[in-house]
Amino acid sequence: MTPPPPPPPGPDPGADPDPCPGSLVVLFGATAGALGRDLGSDETDLILLVWQVVEPRSRQVGTLHKSLVRAEVAALSTQCREASGLSADSLARAEPLDKVLQQFSQLVNGDVALLGGGPYVLCTDGQQLLRQVLHPEASRKNLVLPDTFFSFYDLRREFHMQHPSTCPARDLTVATMAQDLGLETDATEDDFGVWEVKTMVAVILHLLKESSSQLFSKPEVIKQKYETGPCSKADVVDSETVVRARGLPWQSSDQDVARFFRGLNVARGGVALCLNAQGRRNGEALIRFVDSEQRDLALQRHKHHMGVRYIEVYKATGEEFVKIAGGTSLEVARFLSREDQVILRLRGLPFSAGPMDVLGFLGPECPVTGGAEGLLFVRHPDGRPTGDAFALFACEELAQAALRRHKGMLGKRYIEIFRSTAAEVQQVLNRYASGPLLPTLTAPLLPIPFPMAPGTGRDCVRLRGLPYTATIEDILSFLGEAAADIRPHGVHMVLNQQGRPSGDAFIQMTSAERALTAAQRCHKKVMKERYVEVVPCSTEEMSRVLMGGTLGRSGMSPPPCKLPCLSPPTYATFQATPTLIPTETAALYPSSALLPAARVPAAPTPVAYYPGPATQLYLNYTAYYPSLMPVGDPPRTVLQAPKEWVCL
């Protein structure tokens, strides 16, 4: 009997594993602006792509290709013009980005087929080219990138993995990597981008000789879609992964914010739109990224544009993110536990409206996910409805259909419908779940140890357009010699509803003549790259703004007062008035508890009031900052004016 043939030999267990399962496309690019580690930080268009295919198994390389890209703004920076030798005329004759990307795909597929390779992965020098240039520009121009542009190898990171004793990966360059490996490069090559690609290919081929199982095994991934999700108050968020974006259009959604940061990996549920004291969006958002490297790249998008608006990007903390996006309600957690849902907010519902009323208002053409279980009604702590609700929809098409019901009628009321986010749901629920505004009525209102000095005529100046980072010291330096004419405790900075500088400030001068002179000298001077308007105003106008009113070009508006039968307090010199209690607080107590035993006469000296330490007030977030305080004066205090008053 003939013995069976021996089985075919299996893989040699001692052989080196395949370091790279597919072909590599070495890619280099440049923009019309900054180069190197600042590539993409100035929001300029891509003007050059250079690439070459490498087949790791056979160590073969394909043809080197170079293509110019037509930029919408053909102006080149001095750095780019000197390094590339390109001109605006040569770029004007180039193809647009979408055509270049089509040529790129065709040529790469042809080269990979000639070399006998498989699916290819891009390989770049650092993260900037794809994350900071190509993806943001494609988003601005509404281009759809092929899937191959959503994963890549970072040559710096791959090199540092094999040679950890060198400098950090972010500090490596193509030249330093070649030098560390002892590679000889063609110093005569002066074609911009060609030398970089040839040297990167030489570095890759040298690394492939080391046959490491970790080499080119885990590509970088760029998320194609932002994922929504809840956040808990118990979550711990790394402060090195969070930024604050300011200046967003009020109608922006979390998807719009994620689109602004296209190319960077935002964490799941990592966009938290901030609300003001009235529960409306204030143009700010906190964004959480998957790691600190993504956060650092996000900071480079400071003053990049969303439409026609530039967006400011600053560092933020994990505590700030959790405060905005976190929640503790199990009902909210269950509501937000459904994944891949579009959230809409309904505002202005009748207090008697129930789930069936809302479902009937939306109609069968835009069904809510789960029916009544996909609705979340916002209520006061005592169970009274607020007129707000949130609804879940399974897809963008159903949400769009529901948005077309915006300002439709339910009963006798029109209903507003907006896009919403998980963070907004948490903020709204947290706001209404808070306790009473005044936990105690026994805390006295204490006078500030010094009065606000009254003035005559237009003896104040108003500063408009201050940088948000401006301090009192910056203002004094900005005024220069005029700072000597400021009254003691005469610098007043106005805060917005989040307690942050609003860009406005008032200065009390020693006389109307000094105020006019300061305005003439300093009007439209520059402070930290922003010009500041300096205009004279009166003490009465200043006082009304500090107490919550407005002062615009059309005139002066008093602070808000919802009760027309009650007279607002006198604002001109912050005169002492009878006990003042916010309207919302008065509604929580019987009228007998609010009536004083006797009227308190006005004090002869004008005195400003601020709440005692035991009193908790939700205020209008305007503030009084004393300055130029001589030795021996009392410590600095802050006066925050309540938004609404009931005068007793």
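One structure accompanies this document, and this report is about it. The structure displayed is predicted, hence computed values, not measured ones. (Residues numbered from 1 in each chain as written. Predicted model: local features only at pLDDT ≥ 70, side-chain atom pairs only at ≥ 80, totals over all residues. Heavy atoms only, no water.)

Turning our eyes to something else, we now look at the overall build of the protein. Along its length, the protein carries 19 helices and 30 strands. A burial count over the protein gives 47% of its 648 residues as buried. Here the analysis covers contacts within the protein between residues at least 6 apart in sequence; of these, 74% occur between residues at least 24 apart. Accessible surface computed for the protein: about 31,500 Å², of which carbon and sulfur atoms make up 54%. (Helix = DSSP H or I, 4+ residues; strand = E, 2+ residues; numbered from the N terminus. Buried < 20%, exposed > 50% of the residue type's maximum accessible area, 1.4 Å probe, protein only. Contact = heavy atoms within 4.5 Å. Areas by Shrake-Rupley, 256 points an atom, 1.4 Å probe, with all protein chains shown as cover.)

Take helix α12 (residues 355–362) next. Because each turn of an α-helix spans 3.6 residues, side chains separated by three or four positions end up pointing in the same direction. Of the positions making up α12, those classed as buried are V358, F361 and L362. Along the axis of α12, the buried positions cluster into a sector of 95°, meaning they face one direction only. Looking at α12, the residues exposed on the side facing more than 90 degrees away from the buried face are M356 and G360. Following α12 by one or two positions, G363 has its phi on the positive side, about 90°. (Arc of directions from axis to C-beta.)

Now for the nonpolar core. Membership of the largest hydrophobic core comes to 62 residues, with the highest contact counts inside it found for I47, L122, L155, I204 and F216. Ranked by residues supplied to this core, first place goes to strand β2 (residues 46–55) with eight residues. Ignoring anything within four residues of it in the chain, the contact list for I204 reads L24, V26, V54, C123, L155 and F216. With 23 residues, the next largest nonpolar core counts I472, A483, A519 and M527 among its residues. (Core = buried A, V, L, I, M, F, W, Y, C linked by side-chain atoms within 4.5 Å.)

Here the focus is the pattern of salt bridges. Counted according to the given criterion, the structure contains 27 salt bridges. In this structure, the salt-bridge partner of R345 is D388, at a minimum N-O distance of 2.5 Å. Linking R345 in strand β15 (residues 342–347) with D388 in strand β17 (residues 385–393), this pair joins segments that are 43 residues apart in sequence. Owing to a relative accessible area of 6%, D388 belongs among the buried residues under this scheme. (Salt bridge = Lys/Arg side-chain N within 4 Å of Asp/Glu carboxyl O.)

Glancing now at the sheet that holds strand β10 (residues 266–275). Read across the sheet, five strands follow the order β10-β11-β9-β13-β12 without closing on themselves; strand pairing throughout is antiparallel. Of all strands in the sheet, those bounded by a partner on one side alone are β10 and β12 (304–306). In this sheet, adjacent strand axes meet at a mean angle of 35° when their direction is disregarded. Two strands pair when backbone bridges link them, and strand β9 (residues 242–246) and strand β11 (residues 281–289) are joined in this way by five bridges, in the antiparallel orientation. From the neighbouring strand, R246 faces β11, where its bridge partner is E284. Seen against the sheet, helix α9 (residues 292–299) touches β9, β11 and β13 (309–315) and runs at an angle of roughly 140° to β13. (Pairing = 2+ DSSP bridges. Axes fitted to C-alpha atoms, helices over the stretch in contact; angles between N-to-C directions.)

Turning next to the packing of aromatic side chains. Scanning the model with the defined rule gives seven aromatic pairs in all. The interplanar angle of 45° and the centroid separation of 5.5 Å between the aromatic rings of F104 and F149 together place this pair among those described as tilted. Linking F104 in helix α3 (residues 97–115) with F149 in the loop between α4 (128–140) and β6 (151–154), this pair joins segments that are 45 residues apart in sequence. Overall, the relative accessible area of 1% leaves F104 in the buried class. (Phe/Tyr/Trp six-rings, centres within 6.5 Å; stacked < 30°, edge-to-face > 60°.)

A few words on the packing of helix α5 (residues 155–162) against helix α6 (residues 174–181). Contact geometry of α5 with α6 gives a least axis separation of 11 Å together with a crossing angle of 25°. By the angle between their directions, the pair α5 and α6 is classed as roughly parallel. Here α5 runs over α6; the crossing is left-handed. On α6, the residues that touch L155, R156 and F159 of α5 are M177, D180 and L181. Residue composition of the contact of α5 with α6, grouped by class: four nonpolar, no polar and two charged. (Parallel < 35°, antiparallel > 145°, perpendicular 65-115°, else oblique. Left-handed = near helix turned anticlockwise from the far one by under 90°. Nonpolar A, V, L, I, M, F, W, Y, C, P; charged D, E, K, R; others polar.)

Now for the pairing of β11. Across the nine residues that make up β11, a large majority, seven, are buried. Note: β10 against β11, five bridges, orientation antiparallel. In the strand pairing of β11, L275 is matched with R281. Here β10 folds back onto β11 in antiparallel fashion, the turn holding five residues, of which G279 has a positive phi close to 80°.

Moving on: the side chain of R301. With respect to the helices and strands, the residue R301 is situated in the loop between α9 and β12. Here R301 sits buried without a salt bridge, and the closest side chain of opposite charge, E43, lies 8.6 Å off (N-O distance). One polar contact links R301 to Q132, side chain to side chain, over a distance of 2.9 Å. Setting aside residues no more than four positions away along its own chain, R301 makes contact with R131, Q132, P136, F260, F261, R262, G263, L264, I311 and V313. (Lys, Arg positive; Asp, Glu negative; His and termini not counted. Polar contact = N/O pair within 3.5 Å; in protein donor to acceptor, adjacent residues only side chain to side chain.)

What follows covers the sheet that holds strand β25 (residues 530–537). Pairing is antiparallel across the open sheet formed by five strands, whose spatial order is β22-β23-β21-β25-β24. Each of the sheet's edge strands pairs with one partner strand only, and the pair in question is β22 (486–495) and β24 (525–527). Sheet twist, expressed as the mean angle between neighbouring strand axes with direction ignored, is 30°. Here six bridges tie β22 to strand β23 (residues 501–509), and the two strands are oriented antiparallel to one another. Each bridged residue has a counterpart across the sheet, and for I486 the counterpart in β23 is M509. Along the sheet, helix α16 (residues 512–522) makes contact with β21 (460–464), β23, β24 and β25, crossing β25 at roughly 160°.

Moving on: α5. Along α5, the positions that sit buried rather than exposed are L155, R156, E158, F159 and Q162. Projected down its long axis, α5 carries its buried residues within an arc of 165°, all on one side. Structurally, α5 contributes buried residues whose contacts are with β5 (120–124), β6, α6 and α7 (194–209). Of the residues flanking the start of α5, the one acting as N-cap is D154, its side-chain oxygen 3.1 Å from the backbone nitrogen of R156.

Take T241: it is sitting in the loop between β8 (231–232) and β9. Accessibility expressed as a relative area gives 6% for T241, which makes it buried. A polar atom in the side chain of T241 sits 2.7 Å from the backbone oxygen of D238. Here T241 is in contact with I287, R288, F289, D291, S292 and R295, once residues within four sequence places are set aside.

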